[in-house]
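Given next are the chains, with one letter for each unit.
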Amino acid sequence: MLVLAGVARQAKGSQPTAKWLRMWGDAIAPLSPEEVRAWCRLQWERATSQPVEESTLLASFWGMAAVAAPGTASMLGDWAGRLIKGGQHKLAHAAIHALGMIAAGDPSEPGAEPDGANDPTVTEDIAPGPALTDEAIGQLQRLKARIRHRQTARRLDQALAAVATARGLGPEELQDLVVEDADLAVDGSRSWPAGKFDLYLFLTDDGDVELAVFERASGKAMGGPPKSVRNDHFGAYNEAKAVQKILAETLATQKHRLELAMESQRSWTWTAWRQVFGRHPLMRHLAQRLVWAVYLEGKLIDTAAFTGEELVDRTGDHVQVPAKGELRLLHPVLVSADALRGWQGYVVGKRLIQPFKQTFREVYRVAAEEQERKRSLRFEGMVVRHRQMYALLRGRAWSGMGGIGPMGYMGLKELASQPLTAAFGFKQFRHYQDRQRRQVTLGGVEFLPTPLPEVPGGADPRVLLGAVSPVSYSEVMRDLALVVGVAGLGAEDDLREGESRVPEALLAGQVEMRSNLIRELLPLLGLGEHVQLEGRHALVTFAGHTFRLHLSNGEVTLDGEDRTLDLDGIERGDVPLYMPFEGGDAATSAILGTLMWLAKFGQGRGLR
């Protein structure tokens, strides 16, 4: 062990050198893998209570890759996450590098290509990579979905890209093929016998992983695991709980990946789509809750839903995918309003709960007057709370909003669907020295090529708004509309005059989404005859009076009277149990709650 300590002290830099790796290999040769793993773990644990040399900790991460065993990658992934939270980025990068080394192990040969039959559930199995490498790739995936630190995210991308290159695949293709399935059956369930009980694990329709206990003889569901299960069958119970945790993390990661795939308009060949979604229980479960677009030679030719057996259109008719066709996740900005409403009706009619907002996603389109401009003024002059803006946009892959940089106050986002970077400026408004109360004024939004090309002096590299893809434009404006809707205080000029109100037109995408959502939910709530939709309002009429509920800010006014009703303190109606997407939307839920309260109030007074 003294030899290990001596070699460890020579570790330095951002990654191990070939010379250091040879020295480490010679040092661990006389030892068993278990002894080396124990020494490495000891250094990590010691560092939690006493100072440990950085070089020793670097070596304990890098050196673990040579003796990896089942569970090693999960341990490294947990440590990487803890170190990032603690601001110890260099050590976290060492753990990520070790994961990359494990993940780059010799891949298996891929299986045979499936035939071209138009059945998404019929496909040859692809031989998986070794268990250790797949576990490491899974951990890199998990970290990538959760970590927003820019340099660390770049390290994760580099690690995944290196592994993909070694296997002859793209990074996303590689990640598709190593999604954890935890031995689930095709229907997304798994069970364990536990005496006279069965432990039943399953994927729920609302995007969760549940573990239930049933009495086998009667089929009765138990409120919780009986003592006999916890005590006499603790092995099966603990295994089921561990699998539940793994699947919950995997499910969250894959939801994130699929939402990014929709934003980037990633495509799958028909063969690849069947391999990824046709039979894998978790990916199949997600695919059945989404709407897909069929492309041929880059053109949208059809839209479809996956029933688990076949692709169908909104009426249930089979959708044929051409041999050279591709599938993408449908982005609502790419279809007509009528087609989108049809799919919204399908989703609600089937009571689907989509993993993220898809058919009911807020949409923003380039206005006619913006087509030939290089700067969108849509949100210019709006004052927002800086702290909330930072939190909201950092979670959506924006960077550069923390303070003054070389380009001043600016937010940046590299777009996935085009080689462009979106940028918006902002300047101080009030309370700039107080981080808790800081307010900033938003500037215009521009799009620049990525990477930025060399241009002659005085040339303008900005891209015309009309040349930005509809998906890229919509997603950028959706991000900023969220900021204005949640953290907005009003226009700068109005605030200086003492008025505080966010202009309605800026949140048109949110209003349209809520209007569509209410339209589809009204029949389920039994309110279809009592509530009317009119522009930005939902109208509830009773006793000769019409109340207008604003779908942007939730304010209620009485027709013919220029005043807003004070609804503070009222007990609003319960939000409907069914919502067609996961993730929650507090503002939309509050508006629905107010609508239900108004309807209930009106019914009690003779709604007509």
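## Here we look at the overall build of the protein
Part 1: A count of helices and strands for the protein gives 19 helices and 18 strands.
Part 2: In terms of overall size, the protein behaves like a compact globule, its C-alpha atoms giving a radius of gyration of 27 Å where 608 residues would be expected to give roughly 25 Å.
Part 3: Relative to its 608 residues, the protein shows a buried fraction of 49%.
Part 4: Counting every atom, the protein has about 28,900 Å² of accessible surface; 50% of that belongs to carbon and sulfur.
Part 5: Counting 70 positive and 75 negative side-chain charges, the protein places the centres of these two groups 5 Å from one another.

## Overview of the sheet that holds strand β4 (residues 221-222)
Part 1: Strands sit in the order β1-β2-β3-β4 across an open sheet of four strands; the sheet is antiparallel. Of all the strands in the sheet, just β1 (189-194) and β4 have a single pairing partner and so form its edges.
Part 2: Pairing analysis gives six bridges linking β1 to strand β2 (residues 197-203), with the strands arranged antiparallel. Bridging from a neighbouring strand, Trp192 pairs with Leu199 of β2.
Part 3: Against the sheet, helix α11 (residues 234-264) touches β1, β2 and β3 (209-215), its axis set at about 150 degrees to β3.

## Some thoughts on the sheet that holds strand β15 (residues 531-534)
Part 1: Reading across from one edge, β15-β16-β17-β18 is the order of the four strands in this open sheet, with antiparallel pairing throughout. What marks the edges here is a single partner per strand, and that holds for β15 and β18 (556-558). With strand direction ignored, the average angle separating the axes of adjacent strands in the sheet is 30 degrees.

## Describing the pattern of salt bridges
Part 1: Under the defined criterion, the tally for this structure stands at 32 salt bridges.
Part 2: For Glu172, the salt bridge goes to Lys144, with nearest N and O atoms at 3.7 Å. Of this pair, Glu172 sits in helix α9 (residues 171-177) while Lys144 sits in helix α7 (residues 131-146), placing them 28 residues apart in sequence.
Part 3: A relative accessible area of 29% means that Glu172 is categorised as partly exposed.
Part 4: Classification of Lys144 as partly exposed rests on a relative accessible area of 28%.
Part 5: One salt bridge in this structure joins Arg289 and Glu582, with 2.3 Å as the shortest N-O distance. Of this pair, Arg289 sits in the loop between α13 (281-287) and β6 (291-296) while Glu582 sits in the loop between β18 and α19 (586-603), placing them 293 residues apart in sequence. Across this residue pair, the class does not change: Arg289 and Glu582 are buried.
Part 6: In the salt-bridge network here, residues are joined through shared partners; they are Lys144, Asp157, Glu172, Asp176, Arg257 and Arg266.

## Considering the side chain of Ser472
Part 1: You can see Ser472 is positioned in helix α16 (residues 470-487).
Part 2: For Ser472, a relative accessible area of 2% gives the class buried.
Part 3: Sequence-distant contacts of Ser472, that is, excluding residues within four places in its chain, are made with Leu415, Ser417 and Gln418.

## Details of the packing of aromatic side chains
Part 1: Scanning all chains against the criterion turns up 19 aromatic pairs.
Part 2: Arranged with centres 5.8 Å apart and planes meeting at 75 degrees, the rings of Trp20 and Trp62 form a pair that is edge-to-face. Here Trp20 is found in helix α2 (residues 18-28), whereas its partner Trp62 is found in helix α4 (residues 54-62), with 42 residues between them in sequence. Considered together, Trp20 and Trp62 belong to a single accessibility category, that of buried residues.
Part 3: What links up through ring pairs into an aromatic cluster is the set Trp268, Trp270, Trp273, Phe277, Trp292 and Phe306.
Part 4: Across from the ring centre of Phe581, 5.2 Å away, lies the NZ or CZ of Lys357, which sits over that ring.

## Quick word on the confidence of the model for the protein
Part 1: Averaged over the protein, the pLDDT score is 87; the fraction of residues at 70 or greater is 92%.
Part 2: This stretch, residues 106-116, has a pLDDT under 50; its non-local contacts, to residues over four places away or in other chains, come to 21 contacts.
Part 3: Counted against residues more than four places away or in other chains, residues 123-129, with its pLDDT under 50, gives 19 contacts.

Thresholds, definitions, all that
- Residues numbered from 1 in each chain as written.
- Predicted model: local features only at pLDDT ≥ 70, side-chain atom pairs only at ≥ 80, totals over all residues.
- Heavy atoms only, no water.
- Helix = DSSP H or I, 4+ residues; strand = E, 2+ residues; numbered from the N terminus.
- Rg over C-alpha atoms; globule rule 2.2 N^0.38 Å.
- Buried < 20%, exposed > 50% of the residue type's maximum accessible area, 1.4 Å probe, protein only.
- Areas by Shrake-Rupley, 256 points an atom, 1.4 Å probe, with all protein chains shown as cover.
- Lys, Arg positive; Asp, Glu negative; His and termini not counted.
- Charge placed at Lys NZ, Arg CZ, Asp CG, Glu CD.
- Pairing = 2+ DSSP bridges.
- Contact = heavy atoms within 4.5 Å.
- Axes fitted to C-alpha atoms, helices over the stretch in contact; angles between N-to-C directions.
- Salt bridge = Lys/Arg side-chain N within 4 Å of Asp/Glu carboxyl O.
- Phe/Tyr/Trp six-rings, centres within 6.5 Å; stacked < 30°, edge-to-face > 60°.
- Lys NZ or Arg CZ within 6 Å of the ring centre and 35° of its normal.
- pLDDT = per-residue confidence, 0-100.

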